[in-house]
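Per-entry structural report
So the chains spell out like this:
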Amino acid sequence: LARLVKHFHEGFMGLKLSEACIDFGDLEHMTLSVLSDEGLRAEQAGRFDAVFVDEYQDVSALQEAILNALKRGADDPRPQYYFYVGDVKQSIYRFRLAEPGLFLGKLAQFSPEADAPLRRIILNRNFRSRVRVLDAVNRVFEHVMDRRVTEIDYDSDARLYPGAASRGDAPAELHVLSTQGRRPQEMVLAEAEL
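Residues numbered from 1 in each chain as written. Predicted model: local features only at pLDDT ≥ 70, side-chain atom pairs only at ≥ 80, totals over all residues. Heavy atoms only, no water.

**Section: the packing of helix α2 (residues 24-35) against helix α4 (residues 61-69)**
Put simply, the test is: In this analysis an axis means a line fitted to C-alpha atoms, helices contributing only their contacting stretch, and an angle means the value between N-to-C directions, from 0 to 180 degrees. Secondary structure is summarised from DSSP: a helix means a run of H or I of at least four residues, a strand means a run of E of at least two, and numbering begins at the N terminus for each. Handedness of a crossing follows from how the near helix is turned relative to the far one, being left-handed for an anticlockwise turn of less than a right angle and right-handed for a clockwise one. The contact rule is simple, with two residues in contact once any of their heavy atoms fall within 4.5 Å. Residues are grouped as follows: Ala, Val, Leu, Ile, Met, Phe, Trp, Tyr, Cys and Pro are nonpolar; Asp, Glu, Lys and Arg are charged; every other residue, Gly included, is polar.
Where α2 contacts α4, the two axes come as close as 10 Å, and the packing angle between them is 35°. In terms of crossing hand, the pair formed by α2 and α4 is left-handed. Counting all contacts with α2, which are made through Phe24, Glu28, His29, Thr31, Leu32 and Leu35, the residues of α4 involved are Leu62, Gln63, Ala65, Ile66 and Ala69. Among the residues making up the contact of α2 with α4, the classes are represented as seven nonpolar, three polar and one charged.

Set out below in structure tokens:
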């Protein structure tokens, strides 16, 4: 099976390259291959004083290897900073090999202390949603999120807090429409009527 997969991969890559065509996965693998050359890796790592990674909860092991390859060696005296931003509650890309455990590992490893070399800053102020929406989300999540099932507990760091005050908002509501005995066309009308 391994030989068959390798043979297929080589043939498929040959076809793609003959058409001057590669996909995103190819870019990742080619990048890591280039960075496996120590001279090229050191040259590229030297270009970046800071690396910012958003949506870190959706990084794959391959992408993490690329990020790590861009880190300067311990013998390089120039400082280099890595910023990881993410929310494991929003991890949705496991189907493309995202590994939220990488984020959780850093979350546990980094410290909230202001002078820590590996510092964790919790960004849980929400400026997008109104207070009543956040209340509803928090009420649901505190009942369904448990480390044994969802990899994190819904604690004070995971909760969402309003970043701006709102007044007079209607409470959040949940409406459930039964599909029982309804054709799909009727559901569209029922949703519109609701």
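**Overview of the pattern of salt bridges**
Once the charged atoms of two side chains with opposite charge are near each other, the side chains can pair. Going by this rule: Any Lys or Arg side-chain nitrogen located within 4 Å of an Asp or Glu carboxyl oxygen qualifies as a salt bridge. For every residue, the accessible area (1.4 Å probe, protein chains only) is compared with the maximum for its type, and the residue is labelled buried under 20%, exposed over 50%, or partly exposed between those bounds.
In total, this model carries 11 salt bridges according to the counting rule given. Note that Glu38 and Arg41 form a salt bridge whose closest N and O atoms lie 3.1 Å from each other. Here Glu38 pairs with Arg41, and both are found in helix α3 (residues 38-45), just three residues apart, close to one helical turn. The class of Glu38 is exposed, set by a relative accessible area of 52%. Measuring nitrogen to oxygen at the nearest pair gives 3.0 Å for the salt bridge that ties Glu64 to Lys106. Residue Glu64 is located in helix α4, and its partner Lys106 is located in helix α5 (residues 100-109); the two are separated by 42 residues in the primary sequence. In this pair, the class of Glu64 matches that of Lys106, namely buried. Three or more residues are tied together by salt bridges with common partners; here these are Lys16, Asp23 and Asp26.

**Description of the side chain of Asp87**
Here is the rule: Distance and chemistry together define a polar contact, namely a pair of N or O atoms within 3.5 Å, with one atom able to donate a hydrogen and the other to accept it when in protein, and with adjacent residues in sequence counting only for side-chain atoms on both sides.
Structurally, Asp87 can be placed in the loop between β2 (81-84) and α5. According to the relative accessible area criterion, Asp87 is buried, its value standing at 18%. A polar side-chain atom of Asp87 sits 3.0 Å from the main-chain amide nitrogen of Lys89. Among residues more than four places away in sequence, those in contact with Asp87 are Gln57 and Phe103.

Interpretation in functional terms is not warranted from these geometric data alone.
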